[in-house]
Amino acid sequence: MTTNTKAYRAAILHSLADPAVVGVEQSYQYFEDGILLIENGKVAQVGEASELLPKLTGVEIQQYRDALITPGFIDTHIHYPQTGMIASYGEQLLDWLNTYTFPTEKQFEDKAHAAEVADIFLKELLRNGTTTALVFGSVHPQSVDAFFEAAQKLDLRMIAGKVMMDRNAADYLTDTAESGYAESKALIERWHGKGRLHYAVTPRFAPTSTPEQLDLAGKLFGEYPDLYMHTHISENKAEVAWVKELFPARKGYLDVYDHHKLIGPRAVFAHGVHLCDDECKRLAETGSAVAFCPTSNLFLGSGLFDLNKLEEHGVRVGLGTDVGAGTSFSQLQSLNEAYKIMQLQGKKLDPFKSLYLATLGGANALYLDDKLGNFLPGKDADFLVLDYNATPLISYRMQQAKSLEERLFALTMLGDDRTVKETFAAGVSVHQRD
């Protein structure tokens, strides 16, 4: 054992595969009294305490009682410039953008302001147990610089990009096809692959980019290995109709992105509430992913995401908070609302599927499942400790629970930032609640 070896003892739970593919029983591994062994910021081993303790002579062991260790949560769609406008009243998507979003994002032309918000934003993510996120910046390159500088200090695995938007938006927030390409390229050269940071080409959504800008965004997406593409699709019915008007030659919303080469592995499309079967099929065959954003879809009245439909087509799906249309940084709260969205469609969301969506499913959607999402040896030691006594109600409910499934479900219904006792990134504690 090295001097950088540490062990953490508690109940431990992690996903091994998608329950929809392998069945619930084969989808996870659980240790009632487990040890998570970390060496140099990576998972070395996970197993029963009774088996591992005899081998750990001289190793510091941190024990958590009445607690559950899980992999860090992964947020596959969120806007950091919208942190200050979360919970803004009364609009659906298109009016909400004009009334609240664009004026808020204008402030990010000031790098000092961007840095202040990036700090608040990352602290909120970590307080809620989210260790990796796919993040929208604003149109200003300095917003991305500020975000990556803050993430780098904490050695977080984060993905972000500068918004590209050259029409149908406030004049003070637009770039041009050429400047969007050039500024994004400079940011890629500066940040992509630096430490645990990754870059995402980020056209806001099809209506705010000309075909010329989408062409250049697609060109950029193909120019670098392992680059991401991050945008929105089929969130709201009025938006879908608008895309049809703006791009009459294309057969549908997804076809706009497909035509401009903005599809494929590491392309993540937020929302996908109103996708047709052909679009689901195309997403699956290209290896593209969709971010399911429950609190946002309900808050803006966008519609009910059909998770089963995307599963049947084999589409990669991650979980997103979509702050600031989303109403919480907590993926536990996202799962609370996701369960209700499924119920409204006469379907169930199994608690082990919820665990998968928040961890390994997100890693799979982001093509990071070789690095994140569970506790297989060699993966990044990004994990969190959930407190079974976080609130009096949770504590009382846990006393009534008769199974792991029941405890896990109760945590997703009753949990929030208070439930996260401690968060670790690359084996280092980056948030302590108490």
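Just above, that's the structure.
A brief look at the structure comes next.

Calculation notes
Residues numbered from 1 in each chain as written. Predicted model: local features only at pLDDT ≥ 70, side-chain atom pairs only at ≥ 80, totals over all residues. Heavy atoms only, no water. Phe/Tyr/Trp six-rings, centres within 6.5 Å; stacked < 30°, edge-to-face > 60°. Helix = DSSP H or I, 4+ residues; strand = E, 2+ residues; numbered from the N terminus. Buried < 20%, exposed > 50% of the residue type's maximum accessible area, 1.4 Å probe, protein only. Lys NZ or Arg CZ within 6 Å of the ring centre and 35° of its normal. Expected span 1.5 Å × (residues − 1). Contact = heavy atoms within 4.5 Å. Salt bridge = Lys/Arg side-chain N within 4 Å of Asp/Glu carboxyl O. 1 Å grid on protein atoms, 1.4 Å probe; cavity = no way out; pocket = protein on both sides within 12 Å on 5 of 7 lines; lining within 4 Å. Points joined across faces, edges and corners; volume = space filled by probe spheres on them. Nonpolar A, V, L, I, M, F, W, Y, C, P; charged D, E, K, R; others polar.

## Let's talk about the packing of aromatic side chains
Line of reasoning, step 1. Summed over the entire model, instances satisfying the criterion amount to 17 aromatic pairs.
Line of reasoning, step 2. Taken together, a centroid distance of 4.0 Å and an interplanar angle of 5 degrees make the contact between Tyr28 and Phe352 stacked. Here Phe352 lies in helix 14 (residues 351-358) and Tyr28 lies in strand 2 (residues 28-39), a separation of 324 residues in the sequence. Like Phe352, Tyr28 is buried.
Line of reasoning, step 3. For the ring pair Phe147 and Phe148, a centre distance of 5.8 Å and an interplane angle of 55 degrees mean the geometry is tilted.
Line of reasoning, step 4. Phe147 gets classed as buried once you look at its relative accessible area, which sits at 0%.
Line of reasoning, step 5. Given a relative accessible area of 0%, Phe148 falls into the buried group.
Line of reasoning, step 6. Taken together, the ring pairs connect Tyr80, Phe108, Phe121, Phe147, Phe148, Trp191 and Phe329 into an aromatic cluster.
Line of reasoning, step 7. Taking NZ or CZ as reference, Lys106 lies 5.8 Å from the ring centre of Tyr172, over its face.
Line of reasoning, step 8. Sitting over the face of the ring of Tyr367, Arg316 holds its NZ or CZ atom 3.9 Å from the ring centroid.

## Points about helix 5 (residues 141-153)
Each α-helix turn comprises 3.6 residues. Residues three or four places apart therefore point the same way.
Line of reasoning, step 1. Between its terminal C-alpha atoms helix 5 stretches 19 Å, which fits the 18 Å expected from 13 residues at 1.5 Å a residue.
Line of reasoning, step 2. Of the positions making up helix 5, those classed as buried are Pro141, Ser143, Val144, Asp145, Ala146, Phe147, Phe148, Ala150 and Ala151.
Line of reasoning, step 3. At its buried positions, helix 5 is contacted by helix 4 (111-127), strand 6 (130-136), strand 7 (157-161), helix 6 (177-191) and strand 9 (197-203).

## So, the pattern of salt bridges
Line of reasoning, step 1. What the rule picks out here adds up to 32 salt bridges.
Line of reasoning, step 2. Here Asp380 and Arg196 are joined by a salt bridge, their closest N and O atoms 2.7 Å apart. Note that Asp380 is positioned in the loop between helix 15 (360-365) and strand 14 (383-387) and Arg196 in the loop between helix 6 and strand 9, a separation of 184 residues in sequence.
Line of reasoning, step 3. Judged by its relative accessible area of 5%, Asp380 is buried.
Line of reasoning, step 4. The buried category is assigned to Arg196, whose relative accessible area is 8%.
Line of reasoning, step 5. Shared partners join several salt bridges into a network, and the residues in it are Lys42, Asp155, Arg157, Arg196, Asp380 and Asp382.

## Re empty space enclosed by the protein
Line of reasoning, step 1. Tallied over the entire structure, the rule returns 3 cavities of 30 Å³ or more.
Line of reasoning, step 2. Empty space within the largest cavity amounts to approximately 110 Å³.
Line of reasoning, step 3. Broken down by class, the residue content of the lining of the largest cavity amounts to 6 nonpolar, 4 polar and 4 charged.
Line of reasoning, step 4. The space that makes up the second largest cavity amounts to roughly 70 Å³.
Line of reasoning, step 5. Lining the second largest cavity are 13 residues; nearest its centre among them are Phe73, Leu332, Leu355, Leu408 and Thr412.
Line of reasoning, step 6. Within the residue set of the lining of the second largest cavity, elements represented by two or more residues are strand 4 (60-71), helix 13 (331-344), helix 14 and helix 17 (404-414).
Line of reasoning, step 7. Tallying contributions element by element places helix 14 first for the lining of the second largest cavity, with 4 residues.
Line of reasoning, step 8. Split by residue class, the lining of the second largest cavity holds 10 nonpolar, 3 polar and no charged.

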